[in-house]
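The primary structure of each chain is shown beneath.
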Amino acid sequence: MAEAEVAAALSPNEIEPHQKKQPSRNKYSLACAMLASMASILLGYDIGVMSGAAMYIKRDLRISDVEIEILAGIINLYSPIGSYIAGRTSDWIGRRYTIILAAVIFFVGAILMGFSPNYGFLMFGRFVAGIGIGFAFLIAPVYTSEISPTSSRGFLSSLPEVFLNGGILLGYISNYVFSKLPLRIGWRLMLGVGAIPSMFLAIAVLAMPESPRWLVSQGRIGEARTILNKISDSKQEAHQRLADIKLTAGIPQDCNDDVVPITKNKQGEGVWKELLLYPTPAVRHIFIASLGIHFFAQATGIDAVVLYSPRIFENAGIKSDSKKLLATVAVGFVKTVFILVATFFLDRVGRRKLLLSSVSGLIISLLTLAVSLTVVNHSKTTLNWAVGLSIASVLCYVGSFSIGSGPITWVYSSEIFPLRLRAQGVAIGAVVNRVTSGVISMTFLSLTKAITTGGAFFLFAGIAAAAWVFHYTLLPETRGKTLEEIEGSFGNFCRKSTNSANGEGHNRNSSGNGQIQLGTNGQDQQPLTSVD
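These numbers come from a predicted model, not from an experiment. (Residues numbered from 1 in each chain as written. Predicted model: local features only at pLDDT ≥ 70, side-chain atom pairs only at ≥ 80, totals over all residues. Heavy atoms only, no water.)

Quick look at the pattern of salt bridges now. Scanning the entire structure with this criterion turns up 14 salt bridges. Here K58 makes a salt bridge to D65, at a shortest N to O gap of 2.6 Å. The buried category is assigned to D65, whose relative accessible area is 9%. One connected set of salt bridges, linked through shared partners, spans K58, D65, R311 and K449. (Salt bridge = Lys/Arg side-chain N within 4 Å of Asp/Glu carboxyl O. Buried < 20%, exposed > 50% of the residue type's maximum accessible area, 1.4 Å probe, protein only.)

Next comes the structure, spelled out in structure tokens:
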């Protein structure tokens, strides 16, 4: 069913940050991480641009709201297919060329959508673009984490999420700019312009080095050593990282040849049994926590707001296309700013506190939005205060999501799984995330017709309240804990963190300092491999 897509490997041997002076940020690794993270712009741009393009597609092609829902949301069901293929491809040709392939596939999809003569052809273009997005969705965080030095891994690993939100903002801006053009040209340019960042990405990636972890998995130790010396903060760290990677790959530490033979291990079947059929209490707790945090991240309606914000603003009383699209630009700007704020607070405040605060903000903003839209719906005249309150509520909602629930979902779910189960656990979480997103985005307009737009947001507020209870009850703090301590925090339900909030763990490498890896999965000290 799912590809062993993403596995974050924390190294127990890394030096504690508080024991030495923090080195200056490695500019070479920062540049590489930023270039790789640009792949996330592809997904963000598609999400953002479809929100505005959908208005004009409906008018030009004369299609129904149900067809618009399918058009907008189906890409979330296509992208896991792309991620599955990307997992295999990146193990075969490497991370760098997989990023290039993602850019090429999305480029073709964007061109197809831009030249679509009818709905059927447009859907085919969405399928191709969805495969490319699935590639980028997987490979950007994988490469970024594997290339990042220890001191910056938390910050650099958050860059894909930052660039995704930047892509959404670019999509919103594209909507506003091209909305001035004739109907038949405007929406096609909105979609077709997405080919430009993919072209730049494909060219820029050629200047990036290959992932040292992939090189070691291929037995190319000499090349990996050279790259690690460039992307690490010191020669000592480069040596330690190479030793950790060799340990994971099952290569003896005294083997220093430039090229060595590698034996591939594949023990995925036992891992699936341990995860699904015979889990320990701790593994069962971790599995439930991962599924729940992914489900609630999407079930609280973020994709409905991002994709259909022009429709929401129209229901709030804004009738002008330009004003609706300008309001969506504000949504994208707030979302991007708050995700930047989250990158700096994630390792300082802690996952649990930030997540609970974020979901509390979601509940308040959703209830306020639901009330204001309900008032507008029952009013025969335009109520400026209700319109303003609706816009403010949407901005508060996306800000609350971006500062906690959005980024923490991926951080938390990757760091809580034991290394031997991480690839499969994160893969299942990613599928739950994308499928839930697809269901929400493909049913939102129908839901608003059935229970009104205000009623839909009352429903999302109820789900957010359930999410807060779930997070408070089942998710302990993980900041400041070693891998062993994180696993030991699970197993007793309704248990809260006791000492990690104060950073009393011995290793602060958690998610932010973890390395995401594709490859084989056996035991804790063995490599991770792709499984069916």
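Let's pick the thread back up.
Attention now goes to the confidence of the model for the protein. Mean pLDDT over the protein stands at 82; residues scoring 70 or higher make up 84%. Across residues 1–21, confidence stays below pLDDT 50; counting only partners more than four residues off in sequence or on other chains, it has 83 contacts. (pLDDT = per-residue confidence, 0-100. Contact = heavy atoms within 4.5 Å.)

What follows covers the packing of aromatic side chains. Considering all chains together, one arrives at 8 aromatic pairs under this definition. Ring plane angle 50° and centroid distance 5.5 Å describe the contact between F296 and F470, whose orientation is recorded as tilted. Of this pair, F296 sits in helix α15 (residues 281–299) while F470 is found in helix α20 (residues 422–474), placing the two residues 174 residues apart along the sequence. Across this residue pair, the class does not change: F296 and F470 are buried. Their ring planes at 5° and their centres at 5.2 Å tell us that W468 and Y472 sit as a pair that is stacked. Placement of both W468 and Y472 in helix α20 is noted, with a separation of 4 residues, approximately one turn of the helix. Each residue in the set Y308, F444, F457 and F460 is aromatic and connected to the rest through ring pairs, giving one cluster. One cation-aromatic arrangement involves R352 over Y472; the distance from NZ or CZ to the ring centre is 5.0 Å. (Phe/Tyr/Trp six-rings, centres within 6.5 Å; stacked < 30°, edge-to-face > 60°. Helix = DSSP H or I, 4+ residues; strand = E, 2+ residues; numbered from the N terminus. Lys NZ or Arg CZ within 6 Å of the ring centre and 35° of its normal.)

The subject of this paragraph is helix α9 (residues 183–192). Residues spaced three or four apart along an α-helix face the same direction, because each turn holds 3.6 residues. When we look at burial in α9, the residues that qualify are G186, W187, R188, M190, L191 and G192. Buried residues belonging to α9 abut α2 (39–61), α5 (95–114), α6 (119–147), α8 (159–178) and α10 (195–204).

Turning to unusual backbone geometry, a few remarks are in order. The backbone of R62 sits at a positive phi, close to 55°, despite the residue not being glycine. Phi is positive for T452, which is not a glycine, with a value near 75°. For T452, the position within the fold is in helix α20. The exposure class of T452 is partly exposed, given its relative accessible area of 35%.

Inspection of the secondary structure puts V216 in helix α11 (residues 212–217). Considering only alpha carbons, one finds V216 and V259, 43 residues apart in sequence, at a separation of 8.9 Å. Once you skip the residues sitting within four places of it in the chain, V216 turns out to touch I221, A224, L242, I245, A249, I251 and I262.

Let's shift gears to the side chain of S116. Tracing the sequence through the fold places S116 in the loop between α5 and α6. A distance of 3.1 Å separates a polar atom in the side chain of S116 from the backbone oxygen of M113. Sequence-distant contacts of S116, defined by excluding residues within four places in its chain, comprise F121, L122, W187 and R188. (Polar contact = N/O pair within 3.5 Å; in protein donor to acceptor, adjacent residues only side chain to side chain.)

Next up on the list: the nonpolar core. By size, the foremost hydrophobic cluster in this structure holds 143 residues, and its most contacted members are I57, W187, L191, F444 and F457. For this core, the leading source of residues is α6, giving 15 residues. Apart from the residues within four sequence positions on either side, I57 is in contact with M50, R62, I63, I68, L71, L122, W187 and L191. (Core = buried A, V, L, I, M, F, W, Y, C linked by side-chain atoms within 4.5 Å.)

All buried positions along helix α1 (residues 27–37) are accounted for by S29, C32, A33, A36 and S37. The arc that holds the buried residues of α1, viewed along the axis, is 130°, so those residues lie on one side. (Arc of directions from axis to C-beta.)

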